[in-house]
Amino acid sequence: MSKIKNVIARQILDSRGNPTIEVDIITYSNSFGRASVPSGASKGENEAFELRDNEHLFFGKGVIKAVNNVNNIIAPELIGKSILDQTIIDNILLNIDGTKNKTRLGANAILAVSLAIARTASNKLNIPLYKYLGGVHTNILPTPLINIVNGGVHSNAPIAFQEFMIVPMKAKKFSESIHMGHKVFYELKNLVQDRGLSTSVGDEGGFSPNFNGIEDTLDNILEAIHISNYEPYDEIGIAIDCAASELYKNNKYIYSEFKEKEKIQKKSREEHIHYLSYLIKKYPIISIEDGMDQNDWKGWKMMTDKIGDQVQLVGDDLFVTQVEILNKGIENNIANSILIKPNQVGTLKETIETIYLARKNKYNSIISHRSGDTEDSFIADLCVAFNIEQIKTGSICRSERTSKYNQLLRIEEILGNNSYYAGWIKKF
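Attention here is on the structure that accompanies the text. (Residues numbered from 1 in each chain as written. Predicted model: local features only at pLDDT ≥ 70, side-chain atom pairs only at ≥ 80, totals over all residues. Heavy atoms only, no water.)

1. A word on the pairing of strand β10 (residues 252-255)
For a regular strand, the rule is simple: side chains alternate between the two faces of the sheet. With 2 bridges joining them, strand β9 (residues 248-249) and β10 adopt antiparallel strand pairing. If you follow K249 over to β10, its bridge partner there is K252. With antiparallel pairing between neighbouring strands as the criterion, β9 and β10 make up a hairpin whose turn holds 2 residues, including N250 at a positive phi of roughly 55°. In terms of strand pairing, β10 meets strand β11 (residues 265-267) through 3 bridges, oriented antiparallel. Residue pairing in the sheet places Y255 in a bridge with Q265 of β11. (Pairing = 2+ DSSP bridges. Helix = DSSP H or I, 4+ residues; strand = E, 2+ residues; numbered from the N terminus.)

Pasting the structure below:
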């Protein structure tokens, strides 16, 4: 039988040691599925609401309220429903909540149930999750955007931008892309050590040394690529996440990269865009995420018009995985790509709708983790299920990051010669 017998939620810890929610689904035939949800540090204003307890335990970050919402409100409504009816169940969850942004139950409570339902169904049918979600035409292994330096709010390093990633463009298969990333990562570690800097890692597993700002960071990454005997642009590119909403204050982009106040740079919208244009000419940068503040739509338009035909421009805080906001970007020809984070919207159904809208309008999609993540590898299967050609899941260290890479390695092994590595093809 595929009908739900029990829905059980609990509070667990994420990779930052903060509470998050995990949900188990059990059917009458004892099929079982489990899912947990991540949490971000740099969040878009329009993300679905993450319910926290705001009480003394865990400095207010507990999720017992969300757990109780699952156990006491959601569970009774789902008992007896079929796990094979994902859309129906997701609609039930949305109707129970009844708010635009999941403020009653919490998007974290809703998403944990939604993902656990899908995993239970795939287990019940003894079908890999990626194939259950996507059908038989699931054979693309994504190109990883591998985080190797953390800045911004993801570390204590004095680097204004939040993420610096390498992109193995010319690997023949996914497993080779991991080897390429590993090689550059550890060559960079040697460079950092040679400078007497710390090789401690930030929230997403990238190094967080006291580099002398953005260009010093990029210079070291470029040197690590050369030492690894890879060709920049041709074999390995660089992707950056500016997380510009964290920089934007009083209509200025503030680069607080140095402790000395006189070295803090305040750039106008035009100066900030000019600097990004300068960077993509100087370095092999092929992707810029959140280059402008989430509310600076005029800036996004200016940036898209200036460099949108040269580089992938990714909206994360801008679009927050939501159809309505992505439609606005499409109508105004803003950005050319979208980051897909299920917890920004709250259900699997809505996540898939956003993926389809992006594809229909020729926007690149990148499936993404969050900075506070868990060992749940759901997004790896989600990526393959819909033949998404890029994935962001952090560095190649820390188990909450490598769990996704390891799942993709397993999928590549299962697909064998039927798998296809996405690589990098310019589509903008």
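Having seen it, we continue.
2. As for the packing of aromatic side chains
Per the counting criterion, the structure on display carries 8 aromatic pairs. For the ring pair F185 and Y186, a centre distance of 5.0 Å and an interplane angle of 80° mean the geometry is edge-to-face. Residue classification places Y186 among the partly exposed positions, given a relative accessible area of 35%. In textbook terms, an aromatic cluster arises when at least three aromatic residues are bridged by ring pairs, as seen for F161, Y255, Y275 and Y278. The ring of Y230 carries the charged tip of K183 above its face, separated from the ring centre by 5.5 Å. The positively charged end of K267 is found above the aromatic ring belonging to Y275, 4.9 Å away from the centroid. (Phe/Tyr/Trp six-rings, centres within 6.5 Å; stacked < 30°, edge-to-face > 60°. Buried < 20%, exposed > 50% of the residue type's maximum accessible area, 1.4 Å probe, protein only. Lys NZ or Arg CZ within 6 Å of the ring centre and 35° of its normal.)

3. Digging into the sheet that holds strand β7 (residues 163-168)
Across the sheet, which stays open at both edges, the 9 strands sit in the order β5-β16-β15-β14-β13-β12-β8-β7-β6 with mixed pairing between neighbours. The open sheet terminates on both sides in strands that have one partner only, identified here as β5 (143-144) and β6 (146-150). Summarising the sheet, strand β12 (residues 285-289) and strand β13 (residues 312-315) pair through 3 bridges and their orientation is parallel. Residue E289 lies in a different strand from β13, and its bridge partner there is V314. Running over the sheet, helix α8 (residues 297-307) touches β12 and β13 and is turned about 160° from β13. (Contact = heavy atoms within 4.5 Å. Axes fitted to C-alpha atoms, helices over the stretch in contact; angles between N-to-C directions.)

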